[in-house]
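# Breakdown of the fold
These are the residues of each chain, in order.
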Amino acid sequence: MPRKVIVHVTLGLDLGGQEKLLAELARHVDRRRFSLAFASLTTAGPVAEELRACGWPVHALNAPSGLRPSLVAQLARLFRSIRADVVHTHDERPNIHAAPAAWLAGARCLHTRHSQASRLTSRQKALVRLSSELNEAFVCISKDSARAALAQGISPRKVTVVHNGID
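Let me sum up the structure you'll find in this document. (Residues numbered from 1 in each chain as written. Predicted model: local features only at pLDDT ≥ 70, side-chain atom pairs only at ≥ 80, totals over all residues. Heavy atoms only, no water.)

### Some details on the environment of T89
Applicable threshold: A run of H or I in DSSP counts as a helix once it spans at least four residues, and a run of E counts as a strand once it spans at least two, with each numbered from the N terminus. Should any heavy atoms of two residues lie within 4.5 Å, those residues are counted as being in contact. Distance and chemistry together define a polar contact, namely a pair of N or O atoms within 3.5 Å, with one atom able to donate a hydrogen and the other to accept it when in protein, and with adjacent residues in sequence counting only for side-chain atoms on both sides.
Summarising the element assignment, T89 is placed in strand β4 (residues 86–90). When the C-alpha atoms of T89 and A105 are compared, they prove to be 15 Å apart, with 16 residues separating the residues in sequence. Among residues more than four places away in sequence, those in contact with T89 are V9, P94, N95, A98, C109, L110, H111 and T112. Separated by 2.7 Å, the side chains of T89 and H111 make a polar contact.

Next up, the structure:
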């Protein structure tokens, strides 16, 4: 059975809880079943070296902040070039760009919301609602996070809770 290619997309790879989770995934994934790649919308950051040490490619896109339609096309090219089966976005800003890119590349997309509070503008919230429609699931790490996602207008059929599994 061929390995599924999963691309994890994040805003950056600096030190934090979400980044620790990605490093743990990189270390413990079943390599017979899955092949991983990581894309940072900004810089590689210190966690990139941990990911590379595990043997996984890291793509730092160095995109400036703000809405960048050209970033959607850039991500779609990246996803096609590595033959992504699944794009897994982490937090809302990456989902705004990567969910449509995954759709364009023919990959499935799932999203994880790692926080309870979202510091997004009203325009960004609207874009998250739109991009979430392209997600197979909108995973929240707590019930509070799920309540916030629902209040933000994310479809209840997309929202599910998977508690943070960091040891």
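### Re the layout of surface pockets
The following threshold applies: Only protein atoms enter the 1 Å grid used here, on which a cavity is any set of points holding a 1.4 Å probe that cannot leave and a pocket is any open set flanked by protein within 12 Å on both sides along at least five of seven lines; residues with an atom within 4 Å of a point are listed as lining. Grid points are joined across faces, edges and corners, and a volume is the space filled by probe spheres set on the points.
Roughly 250 Å³ of internal volume is contained in the second largest pocket. If you trace the second largest pocket, you find 16 residues lining it, with S65, G66, L67, R93 and H97 closest to the centre. Mapped onto the lining of the second largest pocket, the elements with two or more residues apiece are α4 (92–105) and α5 (122–132).

### Looking at a nonpolar patch on the surface
Threshold: By definition, no residue in a patch forms a salt bridge, and every one has over 30% relative accessible area; like charges are joined within 9 Å, nonpolar side chains (Val, Leu, Ile, Met, Phe, Trp, Tyr) within 5 Å. In short, Shrake-Rupley with a 1.4 Å probe defines the accessible areas, and a residue's cover is counted only from the protein chains shown. Take a side-chain nitrogen of Lys or Arg and a carboxyl oxygen of Asp or Glu: if they are within 4 Å of each other, that pair is a salt bridge.
Taken together, the side chains of W103, L104 and L134 make up a nonpolar region of the molecular surface, amounting to roughly 330 Å² of accessible area. Checked against the element boundaries, W103 lands in helix α4.

### Topic: the packing of α4 against α5
Note the threshold: Axis definition: a line fit to C-alpha positions, over the contact stretch in the case of helices; interaxial angles, taken between N-to-C directions, run 0 to 180 degrees. An angle counts as roughly parallel when it lies under 35 degrees, as roughly antiparallel when it exceeds 145, as roughly perpendicular when it falls between 65 and 115, and as oblique in every other case. Should the near helix be turned counterclockwise from the far one by less than a right angle, the crossing is left-handed, whereas a clockwise turn marks it as right-handed. Residues are grouped as follows: Ala, Val, Leu, Ile, Met, Phe, Trp, Tyr, Cys and Pro are nonpolar; Asp, Glu, Lys and Arg are charged; all remaining types, including Gly, are polar.
Contact pair α4 / α5: the axes reach a minimum separation of 9 Å and the direction vectors enclose 50°. If you check the angle between α4 and α5, you find them oblique. The chirality of how α4 crosses α5 is left-handed. For the pair formed by α4 and α5, the contact residues are E92, R93, N95, I96 and A99 on the first element and Q124, L127, V128, S131 and S132 on the second. By residue class, the composition of the contact of α4 with α5 is 4 nonpolar, 4 polar and 2 charged.

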